[in-house]
Amino acid sequence: MRKCLKCGKYEVKKPHYDWCYKCFHELEEKDKSTPVEENFEDNLKSNRIHTVYIMSYSGTKEKIGYTGNLPSRLIEIKQVYPDNKLVYFREFTSESQARRFEAWLRERGKRTRTNFVSTFQDKVRKVVDYF
Ligand SMILES: [Zn+2]
């Protein structure tokens, strides 16, 4: 059993979650009671953008994660694992939304994630081509 990444006290019930139920519930309640505009302001002020990403390595392996700062997280990962490539990311207004999506993504099969990744990369290619 894994310990909660937030409090380190409680065990994580669902294997796809990083936080225990108590920590996640508190975060979600806080996010729910915060107006979206306030979340935008907080994100701007703290320079945090709640992001879920997929890195690909060794050809077919993947790592799914959450970060509040994608550029610096990418540098950290690349320093330790230079062959990791960012293949997908999605930004959220609140941390609980992002963590929920991260867990959901981990629960999906590899084929669903592969679809996500290729749809995303098609989109990026189209945007890049347009500019
Ligand atoms: Zn916890």
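Residues numbered from 1 in each chain as written. Predicted model: local features only at pLDDT ≥ 70, side-chain atom pairs only at ≥ 80, totals over all residues.

### Describing the overall build of the chain
Assigned secondary structure in the chain consists of five helices and three strands. Its helices and strands in sequence order give the chain the pattern α-α-β-β-α-β-α-α, from N to C terminus. Over its C-alpha atoms, taken along the principal directions, the chain stretches across nearly 40 × 35 × 30 Å. Looking at the chain as a whole, 15% of its 131 residues qualify as buried. (Helix = DSSP H or I, 4+ residues; strand = E, 2+ residues; numbered from the N terminus. Buried ≥ 20, exposed ≤ 12 C-beta atoms within 10 Å, placed from the backbone.)

### Things to note about the pairing of strand β1 (residues 50–57)
Counted residue by residue, β1 has six buried out of eight residues, so it is predominantly covered. By the bridge criterion, seven bridges tie β1 to strand β3 (residues 85–92) in an arrangement that is antiparallel. Following the sheet pairing, Val-52 is matched in β3 by Arg-90. Bridge count between β1 and strand β2 (residues 61–67): seven bridges; the pairing is antiparallel. By the bridge assignment, Ser-56 is partnered in β2 with Glu-62. (Pairing = 2+ DSSP bridges.)

### Digging into unusual backbone geometry
Of note, Asn-47 is a non-glycine position whose phi angle comes to about 60 degrees, a positive value. In this structure, Asn-47 sits in the loop between α2 (36–46) and β1. The exposure class assigned to Asn-47 is exposed, which follows from the 8 C-beta atoms found within 10 Å.

### Re the packing of helix α1 (residues 21–32) against helix α4 (residues 95–107)
Two elements in contact, α1 and α4, have axes separated by 8 Å at closest approach and are oriented at 130 degrees. Classified by the angle their axes make, α1 and α4 are oblique. Between α1 and α4, the residues in contact are Phe-24, Leu-27, Glu-28 and Asp-31 and Glu-95, Ser-96 and Arg-99, respectively. (Axes fitted to C-alpha atoms, helices over the stretch in contact; angles between N-to-C directions. Parallel < 35°, antiparallel > 145°, perpendicular 65-115°, else oblique. Contact = placed C-beta atoms within 7 Å.)

### Description of the environment of Leu-27
Structurally, Leu-27 is set in helix α1. The class for Leu-27 is partly exposed, based on 16 C-beta atoms found within 10 Å. Sequence separation of Leu-27 and Phe-120 is 93 residues, and the distance between their C-alpha atoms is 28 Å. When sequence neighbours within four positions are dropped, the list of residues in contact with Leu-27 reads Glu-95 and Ser-96.

### Some thoughts on the domain arrangement of the chain
When the parts of a complex come together, some accessible area is lost, and that lost area is often taken as the interface size. Domain boundaries assigned for the chain yield domain 1 (1–33) and domain 2 (48–130). Here domain 1 and domain 2 have C-alpha centroids that lie 21 Å from each other. Across the boundary between the two partners, domain 1 contributes eight residues, which contact seven residues of domain 2. A class-by-class count of the residues in the side of domain 1 that touches domain 2 yields four nonpolar, one polar and three charged. (Domains from an automatic or database assignment. Nonpolar A, V, L, I, M, F, W, Y, C, P; charged D, E, K, R; others polar.)

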